[in-house]
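Each chain is listed here by its residues.
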Amino acid sequence: MKELPQNLLKKLQDREANDSLRRLLQQSNLIDFSSNDYLGFARQNKLQDIADSLVSHNNLNGATGSRLLSGNHNLYATAESTIAQFHNQESALIFNSGYNANIGFFSSVPQRGDVVFYDELIHASIRDGLAMGLAKKFNFKHNNFLDLETKVNRWKTTNTGAVFVVTESVFSMDGDSPDLVALASFCDSNNTYLIVDEAHALGVLGGAGGLVQALEIQNSVFAQIITFGKALGCHGAAVLGSEALKNYLVNFARSLIYTTALPPHTVALIQAGYTLLTEETEHLTKLQNNISYFKSNLINLGLNSIFIPSNSAIHCCIVEGVSKVKKMASQLQQQGFDVKPILSPTVPLGKERLRFCLHSYNTASEIETVLKLVSELVNL
Ligand SMILES: Cc1ncc(COP(=O)(O)O)c(C=O)c1O
């Protein structure tokens, strides 16, 4: 076996020295304040049962090829039409993951001469897609549309290419949301294409359909990215938009073209997830009650000044310093709560945080106890 080159070893040693080396950990049996299974679908036998019955009519288990060759089995068409209808959109195109959807979309849609303005806290998958494309890209300050407007206006004085604006409806490492109505209206009046990544909003905000749908701004949005590995409890993602956009992506999104399709069972799980979203709305009610209960406990314990304001299932407590946040997370874990520390480079240095993901299945007493522990630990 060849050794890792010295310069790469050095990068690992630097991470170790900064106390920020990432490791693959075993799944724990602790009380879940960490997974993205917001509605508990991943724990539901019913999701599996529906998917099993959908695939039983299909003689294939494996994907067998890319979607453009042999992999586009029947379940894709049914699932894509269910998804488009559910979200009140013209079309849906399933990708193998949110990461794949974002690199496929952002590397192929904005062209040379175009520009993309993205929120400075945008997900790594969007940055990676933009890095693979030929358009220029600039960030704007987090949720700051004045900054966006200044930058768009400056760009437009000397350029004529298309202008794209991209944001998330729930920021994955902050849990907060932009004022999407204001942003949509800005994009409409400035003739720019708005793209919203709804990875953490699907199943959580609005009537489970995400924020764009809840605010009824679909007509102002060029594309939505939704992912199925979070509230839907399974895997995969889709781009929602016009039929022409779907056609374009099928022809030019390399992460769709040059990869093996999802196997039938995975697509059946996505379909089953939508059945549960439609038929079992009690999970969303429980999640929303837990979000309200978590927020009222933050107020009662005087913790809201250190938590980022959020109405989503993600709530983050800023704890500056890698060692400090890691120590706090490990103390919470020792008390039985799976709460993860989030470190640089995922978040900026000095903005380390404890990230709490709330679920339909968390109990009131779990929420009370974990927040009491946080308040004791921050006051130590
Ligand atoms: C905002 C956002 N977009 C995209 C992704 C990628 O989705 P997936 O996990 O399906 O690759 C994530 C996942 O963490 C995310 O948080």
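All figures in this text were calculated on a predicted structure; none of them were measured in a lab.

Asker: How should I be thinking about the sheet that holds strand β7 (residues 223-227) in this particular structure?
Answerer: Hydrogen bonds between backbone groups are what pair the strands of a sheet, and the pairing can be parallel or antiparallel. Judged by pairing direction, the sheet is mixed, and its seven strands sit side by side in the order β2-β8-β7-β6-β5-β3-β4 without closing on themselves. Edge positions in the sheet fall to β2 (91-95) and β4 (136-140), since each of these pairs with one other strand and no more. Direction aside, neighbouring strands of the sheet carry axes that sit 20° apart on average. Pairing of strand β3 (residues 115-119) with strand β5 (residues 163-168) involves four bridges; the strand directions are parallel. Of the residues in β5, the one forming a bridge with Val115 is Val163.

Asker: Which parts of the structure should I look at to understand helix α1 (residues 6-17)?
Answerer: Because each turn of an α-helix spans 3.6 residues, side chains separated by three or four positions in sequence point in the same direction. In a regular helix each residue adds 1.5 Å, so 12 residues correspond to 16 Å; α1 covers 16 Å between its end C-alpha atoms and thus fits that length. For α1, a buried count of zero out of 12 residues is recorded, marking the element as mostly open to its surroundings. Of the residues one or two after α1, Asp19 is the one with positive phi, at around 65°.

Asker: I'm lost on the site of the ligand in this one. Help?
Answerer: Near the ligand you find 14 residues, and of these Ser97, Gly98, Tyr99, Ser172 and Ala199 are the closest. Here the shell around the ligand takes three residues from helix α4 (residues 98-108), the largest share from any one element. Looking at the shell around the ligand residue by residue, the classes come out as three nonpolar, nine polar and two charged.

Asker: Quick question: what am I supposed to make of the domain arrangement of the protein here?
Answerer: It is common to report an interface's size as the accessible area lost on association of the parts. Taken domain by domain, the protein holds domain 1 (19-38 + 281-378) and domain 2 (45-279). Taking only C-alpha atoms into account, the centre of domain 1 sits 27 Å from that of domain 2. Contacts between the two partners involve 18 residues from domain 1, matched on the other side by 16 residues from domain 2. Within the residue set of the side of domain 1 that touches domain 2, elements represented by two or more residues are α12 (282-300) and β9 (314-318). Sorting elements by how many residues they give to the side of domain 1 that touches domain 2 places β9 first, with three residues. Tallied by class, the residues present in the side of domain 1 that touches domain 2 amount to 10 nonpolar, six polar and two charged.

Asker: Where do I start with the nonpolar core in this structure?
Answerer: It is characteristic of soluble globular proteins that their nonpolar side chains tend to be buried jointly. Counting 104 residues, the largest nonpolar core has Phe105, Ala238, Val239 and Leu354 as the members making the most contacts within it. Two domains each put at least three residues into this core: domain 1 (19-38 + 281-378) and domain 2 (45-279). Residues within four places of Phe105 in sequence aside, it is in contact with Gly129, Ala223, Ile225, Val239, Leu249 and Ala253.

Asker: Before we go on, may I ask you to explain the pairing of β3 in this structure?
Answerer: In summary, the side chains of a regular strand alternate between the two faces of the sheet. Most of β3 is tucked away, with five of its five residues classed as buried. Two elements, β3 and β4, share five bridges in a ladder whose sense is parallel. By the bridge assignment, Val116 is partnered in β4 with Lys137. A crossover links β3 with its parallel partner β4, the connecting element being helix α5 (residues 124-132), and its sense is right-handed.

Asker: What should I look at first to understand the pairing of strand β8 (residues 237-241) in this one?
Answerer: The element β8 is largely enclosed, with a buried count of five among its five residues. Sheet topology places β2 next to β8; five bridges connect them, and they run antiparallel. Of the residues in β8, the one forming a bridge with Leu93 is Val239.

About the criteria used
Residues numbered from 1 in each chain as written. Predicted model: local features only at pLDDT ≥ 70, side-chain atom pairs only at ≥ 80, totals over all residues. Pairing = 2+ DSSP bridges. Helix = DSSP H or I, 4+ residues; strand = E, 2+ residues; numbered from the N terminus. Axes fitted to C-alpha atoms, helices over the stretch in contact; angles between N-to-C directions. Expected span 1.5 Å × (residues − 1). Buried ≥ 20, exposed ≤ 12 C-beta atoms within 10 Å, placed from the backbone. Near = placed C-beta within 6 Å. Nonpolar A, V, L, I, M, F, W, Y, C, P; charged D, E, K, R; others polar. Domains from an automatic or database assignment. Contact = placed C-beta atoms within 7 Å. Core = buried A, V, L, I, M, F, W, Y, C linked by C-beta atoms within 7 Å. Right-handed = clockwise from strand over helix to strand, strands pointing away.

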